[in-house]
Every structure is written in structure tokens, then in C-alpha cells.
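# Chains, contacts and geometry: an overview
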Amino acid sequence: MHLDHDHVGHSHHDHAHTHDHDHTHEESCGHDCGSCASQCEHTPMEELQALMKYMVGHNAAHAKELADLAVQLDKAGDHTAYEQVMAAVSDFEKGNMRLSVVLSAMEIK
């Protein structure tokens, strides 16, 4: 389990915690726009779709981290905390499912 990790390029967190995985525009749209800066134009909707795709994946990673933390709590003997964190993971996943539906609708258009 890690407690402190780097989160490159994003400042949407209000807490002092970072991630050990890099996120780039390339992950969202399939290519690195830095190499085609003047020729690479994205519509506002394409940018929103890329951000939504990133957020769905990012949220799934956080849900897994929380579930892993819950398991550690259970192993440490705090089953009540485990149950509460897993309930939160379930809520988190439900919200992310809603975002996935929005993403799917955006990709169809």
C-alpha cells in the first residue's frame, strides 16, 4: 500500500495526495497533440469527451485503491471500517457508472 505518490499534470484535488501514474492528453484522444500543435484542433465537445474518458478511468483507479485500503483495514482487524469503506466504494462505482453512460452517449454522437 502506498500513501504518497506523484500525480502529474492535474490539480483538481483539494487534498495533499498525489498519484504514481501520469495522465496525458494522449490517453484521452489517442495521440500526443504536442507533436502536432498547430495542426491539431479539437472541438470543445471532443475536449469534454476526452476529459470525461479520463475521469471515468481515474475514478475506477480510485475505487480500486479504496477497495484495497478496505481489505487492509479488515486484515488489521477493523471489519466495521472495512464495511463502511466498501459501502463508499459501491457508491463511488455507482456514480462512475452514471458517468460511463454519459461518456457512451457522447461517443455515439
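Residues numbered from 1 in each chain as written. Predicted model: local features only at pLDDT ≥ 70, side-chain atom pairs only at ≥ 80, totals over all residues. Heavy atoms only, no water.

## Some words on the overall build of the protein chain
Quick reminder of the rule: The secondary structure listing takes helices from DSSP runs of H or I that are at least 4 residues long and strands from runs of E that are at least 2 residues long, numbered from the N terminus. Working definition: with a 1.4 Å probe on protein chains only, accessible area under 20% of the residue-type maximum means buried, over 50% means exposed, and in between means partly exposed. Here, residues are in contact when the closest pair of their heavy atoms is within 4.5 Å. Only the protein chains shown count as cover for residues, with accessible areas throughout obtained via the Shrake-Rupley method and a probe of 1.4 Å.
The helix and strand tally for the protein chain stands at three helices and zero strands. Counting all 109 residues of the protein chain, 21% fall into the buried class. Residue pairs at least 24 apart in sequence account for 51% of intrachain contacts in the protein chain once pairs closer than 6 positions are excluded. Total accessible area computed for the protein chain in this model is approximately 7700 Å², and 57% of it derives from carbon and sulfur atoms.

## Some thoughts on the nonpolar core
The following threshold applies: The set of buried Ala, Val, Leu, Ile, Met, Phe, Trp, Tyr and Cys residues whose side-chain atoms join them within 4.5 Å is what this entry labels a nonpolar core.
Formed by Ala 63, Ala 67, Ala 70, Val 85 and Val 89, the largest nonpolar core amounts to five residues. For this core, the secondary-structure elements that each account for two or more residues are α2 (44-75) and α3 (79-108). For this core, the element with the most residues is α2, which contributes three residues. For Val 89, the residues in contact, after removing those within four places along its chain, are Ala 63, Leu 66 and Ala 67.

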